[in-house]
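A closer look at the structure
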Amino acid sequence: MVIVLAVVSIGLFIYSMFLFQEKGPIPTTLYILAKPEERKKMKTKAEYNFTGIVMLTISINFFLMSVMTIFNITWLTKVIILIWVLLVIYVLIYAIKELSNL
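Since the model is a prediction, treat every value here as computed from it, not as a measurement. (Residues numbered from 1 in each chain as written. Predicted model: local features only at pLDDT ≥ 70, side-chain atom pairs only at ≥ 80, totals over all residues. Heavy atoms only, no water.)

Brief notes about the packing of helix α4 (residues 45–71) against helix α5 (residues 76–101)
A pair of packed helices can be characterised by two numbers: the angle between their axes and the separation between those axes. Viewed as axis vectors pointing N to C, α4 and α5 meet at an angle of 165°, and their least axial separation amounts to 10 Å. Looking at the two axes, α4 sits roughly antiparallel to α5. The handedness of the crossing between α4 and α5 is left-handed. Here α4 contributes A46, E47, F50, I53, V54, T57, I58, N61, L64, M65, V67 and M68 to the contact with α5, which in turn contributes L76, T77, V79, I80, I83, W84, L87, Y90, V91, Y94 and E98. (Axes fitted to C-alpha atoms, helices over the stretch in contact; angles between N-to-C directions. Helix = DSSP H or I, 4+ residues; strand = E, 2+ residues; numbered from the N terminus. Parallel < 35°, antiparallel > 145°, perpendicular 65-115°, else oblique. Left-handed = near helix turned anticlockwise from the far one by under 90°. Contact = heavy atoms within 4.5 Å.)

This is the structure:
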């Protein structure tokens, strides 16, 4: 289980670094469902940064979960839950902001 968490964490970290460099596809529903012409318009710095932050945060959480499992640190559960809650709030605020720009 720990190995899976660590591998997922490393994979997401590497992918987030590509996103911060504005390379590769953006893993959002709108991007995936869009036509190729529309995808080019969606590849903006803001979209890459938003998705990079989300992927990096998920990567950090998976890393913390693996550390918690290896060293049996029970209080780390609260930190992980707090990070997930903050990530959800961040995504909701960003989504509301984007909807108000339409």
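A closer look at the packing of aromatic side chains
Enumeration over the complete set of coordinates arrives at 3 aromatic pairs. An angle of 35° between the planes, with centres 5.6 Å apart, marks the rings of F50 and Y90 as tilted. Placement of the pair is F50 in helix α4 and Y90 in helix α5, with a sequence separation of 40 residues. Accessibility expressed as a relative area gives 12% for F50, which makes it buried. Residue Y90 is classed as partly exposed on the basis of its relative accessible area of 32%. Each ring, one from F62 and one from W84, has its centre 6.4 Å from the other, and the planes form 90°; the classification is edge-to-face. Of this pair, F62 sits in helix α4 while W84 sits in helix α5, and the two are 22 residues apart along the sequence. With a relative accessible area of 29%, W84 lands in the partly exposed category. Taken together through their ring pairs, the aromatic side chains of F50, Y90 and Y94 make up a single cluster. (Phe/Tyr/Trp six-rings, centres within 6.5 Å; stacked < 30°, edge-to-face > 60°. Buried < 20%, exposed > 50% of the residue type's maximum accessible area, 1.4 Å probe, protein only.)

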